[in-house]
Amino acid sequence: MGLGSLFVLAVGLSMDAFAVAICKGLAIGHPSLKASVTAGLWFGIFQALMPLIGYFIGIQFASLVSAFDHWIAFVLLLCIGASMIKESRGCDEEETASISFMTMLPLAIATSIDALASGIALAAVDGNIYWAVLFIGIITFILSAIGVRVGAVAGSKYRSKAELAGGIILIAIGLKILLEHLIEGI
């Protein structure tokens, strides 16, 4: 996976965390730099950790699925993307202003479940997983920290747009993986 594709994947995966960070900023009202960095760290670390876990799960089964791994990657990314698009159409949930452990842990896990599935998909394509998870974590950290600020300033109107964009990006990456593999087979 090239740097461009990796960047697009990282941005797509970070959109859930970005959307929640916007809501967190809206709930806090006037977030401090510490609140922005804290939210960024929570989301960035989990967004990096989950694909790594998914990758190691995926490589355990790589030999069994190598003939159709591109389809697995496509279907996983399609499902994740479709789920994000569906969530973008849903109602806004009420967000608490707290950045405590008990508040942030479930949010970080919930927003990174799609990254776990993406890690499984990453096992199906060639590339350095360590650079990928580092890149995903850094992009998510930056976007989440910015999201807290954006939420304080702009409110919740951008949440659904961020989730919609993330879903479209993940579906596009899935299509790219599938098409590259199918074209190589011709």
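Treat the numbers as computed from the prediction; the structure is a model and nothing was measured. (Residues numbered from 1 in each chain as written. Predicted model: local features only at pLDDT ≥ 70, side-chain atom pairs only at ≥ 80, totals over all residues. Heavy atoms only, no water.)

Of the regular secondary structure elements, the chain holds seven helices and zero strands. Ordered by position from the N terminus, the helices and strands of the chain form the series α-α-α-α-α-α-α. Pairs at least 24 residues apart make up 95% of the contacts formed inside the chain by residues separated by at least 6 positions. (Helix = DSSP H or I, 4+ residues; strand = E, 2+ residues; numbered from the N terminus. Contact = heavy atoms within 4.5 Å.)

This part covers the packing of aromatic side chains. For the structure on display, the rule yields five aromatic pairs. Measuring from centroid to centroid gives 5.5 Å for Tyr-55 and Phe-56, while their planes differ by 75°, and the two rings are edge-to-face. Residue Tyr-55 is classed as buried on the basis of its relative accessible area, which comes to 16%. Classification of Phe-56 by relative accessible area gives partly exposed; the value is 34%. Ring centres 6.1 Å apart and planes at 85° place the aromatic pair Trp-71 and Phe-74 in the edge-to-face group. Of this pair, Trp-71 and Phe-74 both sit in helix 4 (residues 69-88), three residues apart, roughly one helical turn. Given the relative accessible area of 40%, Trp-71 is considered partly exposed. (Phe/Tyr/Trp six-rings, centres within 6.5 Å; stacked < 30°, edge-to-face > 60°. Buried < 20%, exposed > 50% of the residue type's maximum accessible area, 1.4 Å probe, protein only.)

Okay, the UniProt feature "transmembrane region" (unreviewed entry) in the chain next. Feature annotation in UniProt places "transmembrane region" (unreviewed entry) on residues 6-27, 39-62, 68-85, 97-123, 129-152 and 164-183, given in this structure's numbering. The distance separating the terminal C-alpha atoms of residues 6-27 is 32 Å; by composition the span is 100% helix and 0% strand. (UniProt positions renumbered as here; feature names shortened; annotations may be inferred.)

Taking 1.5 Å of rise per residue, 26 residues should cover 38 Å, and helix 6 (residues 129-154) covers 35 Å from first to last C-alpha, within 8% of that figure. Ile-129, Ala-132, Val-133, Ile-136, Gly-137, Ile-139, Thr-140, Ser-144, Ala-145, Gly-147, Val-148 and Gly-151 are the residues of helix 6 that are buried. Contacts made by the buried residues of helix 6 are with helix 1 (3-28), helix 2 (33-60) and helix 5 (101-122). The N-cap residue of helix 6 is Asn-128: its side-chain oxygen and the backbone nitrogen of Tyr-130 are 2.8 Å apart. (Expected span 1.5 Å × (residues − 1). Polar contact = N/O pair within 3.5 Å; in protein donor to acceptor, adjacent residues only side chain to side chain.)

Our focus in this paragraph is the nonpolar core. Leu-9 and Leu-170 are the most contacted members of the largest nonpolar core, which has 31 residues in total. Discounting residues that sit within four places of it in the chain, Leu-170 has contacts with Leu-9, Gly-12, Leu-13, Leu-77, Ile-80, Gly-81, Met-84 and Asp-114. With eleven residues, the next largest nonpolar core counts Ala-17, Val-20, Ala-21 and Phe-46 among its residues. (Core = buried A, V, L, I, M, F, W, Y, C linked by side-chain atoms within 4.5 Å.)

With that settled, consider helix 1. Taking 1.5 Å per residue, 26 residues should reach 38 Å; helix 1 reaches 35 Å between its end C-alpha atoms and fits that length. Approximately 40° is the largest bend angle found in helix 1, and it occurs at Met-15. Burial runs high along helix 1: 19 of the 26 residues are buried. Of the residues flanking the end of helix 1, it is Gly-29, one or two places downstream, whose phi is positive at about 90°. (Bend = angle between axes of the 7 residues up to and from the residue.)

Turning to the side chain of Asp-16, a few remarks are in order. By the element assignment, Asp-16 lies in helix 1. Residue class for Asp-16 comes out buried when judged on its relative accessible area of 8%. Apart from residues lying up to four places away in sequence, Asp-16 is in contact with Met-84, Glu-87, Thr-111, Asp-114 and Glu-163.

For Cys-23, the location among the structural elements is in helix 1. For the pair Cys-23 and Ala-152, spaced 129 residues apart in sequence, the C-alpha to C-alpha distance is 8.3 Å.

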